[in-house]
Every structure is written in C-alpha cells, then in structure tokens.
Amino acid sequence: MARQTVEERRAQLIALGRQLFSTHAYDAISTDDIARAAGISKGLLYHYFPGKREYYVATVQSLADELLALLTFARGEDPQAVLDRTLGQFLDFIEANAAVYHALLRGGIGMDAEVNSLVERVRQTVLERIRDLVGLGDDPLTRLRLHGWLGFAEHTSLEWLAHREVDRQRLLQLWMEQFVALSF
C-alpha cells in the first residue's frame, strides 16, 4: 500500500472533521477524540494541524469551498431556474452540515475571528454572484436588500432545522417569494 502524501492525509482528516463537527459541537470534541476517530496519535494530528482550532478552521474552509462550488451560476442560464436549483442545493448543504452550520451562525467557535471572516467572505461571494446573475447594480440599497434577504434565509433555515414545521418545498418557496418581494 502506497504511503499517503501530506496533502492526502490532511484531506482525509478534514473529511473526518466534517463528519465529527456535523454530529458534535466543537467544544464536545477533544483532540484525543479526533485522533482516536482518525486512528492516529494525538502527536500525529498535531503534525498536520497545530491545534484543534486550526483543524476546525480547515474543516470550515473545506465546507465553504464546497458551498461556493455548488452556488456557481453560468452566464446565459435562466436566473429563475438557477435560483430555484441553487436554493435547493443550499438547503441540501445546510441539512447535511446542520451542526456546523448552526454553530457558525449561532455562536461557539463560530464567533472566532478567523472563522467569522471566512463566513463573511462566503456571504459576500454569494451575494456578488446573485447580483451578477440577476443583473443588479452594486448600489448601497441593493446591497442592503440582498444582505437582509440572505439573513432571512439563514435565520429561517435555522428555525426550519430546529422544528421542521413546514415542508422543505414550502421553505424554498418562501425564500423565493422574499427574494422577489425585494422589488429591485
């Protein structure tokens, strides 16, 4: 069996981190737990990541990269169809990563300055892509409207994850209705 490169092993550990942080809160997992789940020593874990926080940040970066890859809009596509598709993909992503998503938006390590900066960069990228897709300007009022809509989508998704009082399709419809109601 060939020995893994540093990049391959880091990727494997990040994949494990995505599983662990999707089912456990950041504070509920120790570096011993991570090393045990990976089948390596704690010292070897520190070889790849200086500490648990850096491991978490790398895991969140991986999630951000995945989300942004999902939310890619091709020029010439029908904006309505693209929004319908990508809002569904966004909700799929939220469901698959519910614990991490909740932590990022509601506190814990998500309030870490580096993680918060990463979340804000993802938000800005998503909003820029939506502006480009729909052909909106970059004026202050448009930015405020889009930020408000994204905040609405984030907060209603958290409520939906917690209670599931409406079906998934109705939540997606609500997001689209609110986007259309922005009256650009």
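In what follows, the structure referred to is the one given above.
Residues numbered from 1 in each chain as written. Predicted model: local features only at pLDDT ≥ 70, side-chain atom pairs only at ≥ 80, totals over all residues. Heavy atoms only, no water.

Chemist: Looking at this structure, I do not really get the packing of aromatic side chains. What am I missing?
Modeler: Geometry of an aromatic ring pair is reported as the spacing of the ring centres plus the angle between the planes. Under the counting rule described, the total for this entry stands at eight aromatic pairs. Note on Phe 21 and Tyr 55: the rings are 5.9 Å apart at their centroids and 55 degrees apart in plane angle, and the pair reads as tilted. One end of the pair, Phe 21, is in helix H1 (residues 6-23); the other, Tyr 55, is in helix H4 (residues 52-70), with 34 residues separating them in the sequence. Per residue, the accessibility class of Phe 21 equals that of Tyr 55, and both read buried. Summarising the aromatic geometry, the rings of Phe 21 and Tyr 56 are spaced 4.9 Å apart at their centres and angled 85 degrees between planes, so their arrangement reads as edge-to-face. One end of the pair, Phe 21, is in helix H1; the other, Tyr 56, is in helix H4, with 35 residues separating them in the sequence. A relative accessible area of 2% places Phe 21 in the buried class. With relative accessibility at 1%, the residue Tyr 56 sits in the buried group. (Phe/Tyr/Trp six-rings, centres within 6.5 Å; stacked < 30°, edge-to-face > 60°. Helix = DSSP H or I, 4+ residues; strand = E, 2+ residues; numbered from the N terminus. Buried < 20%, exposed > 50% of the residue type's maximum accessible area, 1.4 Å probe, protein only.)

Chemist: Help me understand the side chain of Thr 156, please; the structure alone is not making it clear to me.
Modeler: With respect to the helices and strands, Thr 156 occurs in helix H8 (residues 140-163). Assessed through its relative accessible area of 18%, Thr 156 is described here as buried. Once residues lying within four places of it in the same chain are set aside, the contact partners of Thr 156 are Leu 171 and Trp 175. (Contact = heavy atoms within 4.5 Å.)

Chemist: Explain the packing of helix H7 (residues 113-134) against H8 to me, please; I cannot follow it from the model alone.
Modeler: Describing two packed helices takes the angle between their axes plus the distance from one axis to the other. Contact geometry of H7 with H8 gives a least axis separation of 11 Å together with a crossing angle of 120 degrees. Relative to H8, H7 is oriented oblique. The hand of the H7/H8 crossing is right-handed. Packed against H7, whose contacting residues are Arg 123, Gln 124, Leu 127, Ile 130 and Arg 131, the element H8 presents Thr 142, Arg 143, Leu 146, His 147, Trp 149, Leu 150 and Glu 154 at the interface. The residue inventory of the contact of H7 with H8, partitioned by class, reads five nonpolar, three polar and four charged. (Axes fitted to C-alpha atoms, helices over the stretch in contact; angles between N-to-C directions. Parallel < 35°, antiparallel > 145°, perpendicular 65-115°, else oblique. Left-handed = near helix turned anticlockwise from the far one by under 90°. Nonpolar A, V, L, I, M, F, W, Y, C, P; charged D, E, K, R; others polar.)

Chemist: Whenever I open this one, helix H6 (residues 98-106) confuses me. Can you help?
Modeler: Residue pairs spaced three or four apart in an α-helix point in one direction, given the helix's 3.6 residues per turn. Regarding H6, the residues found buried are Val 100, Tyr 101, Leu 104 and Leu 105. Each buried residue of H6 lies within a common arc of 120 degrees when the element is viewed along its axis, so the set occupies one face. Of the surrounding secondary structure, the elements contacted by the buried residues of H6 are H1, H4, helix H5 (79-96), H7 and H8. (Arc of directions from axis to C-beta.)

None of this, on its own, says anything about what the molecule does.
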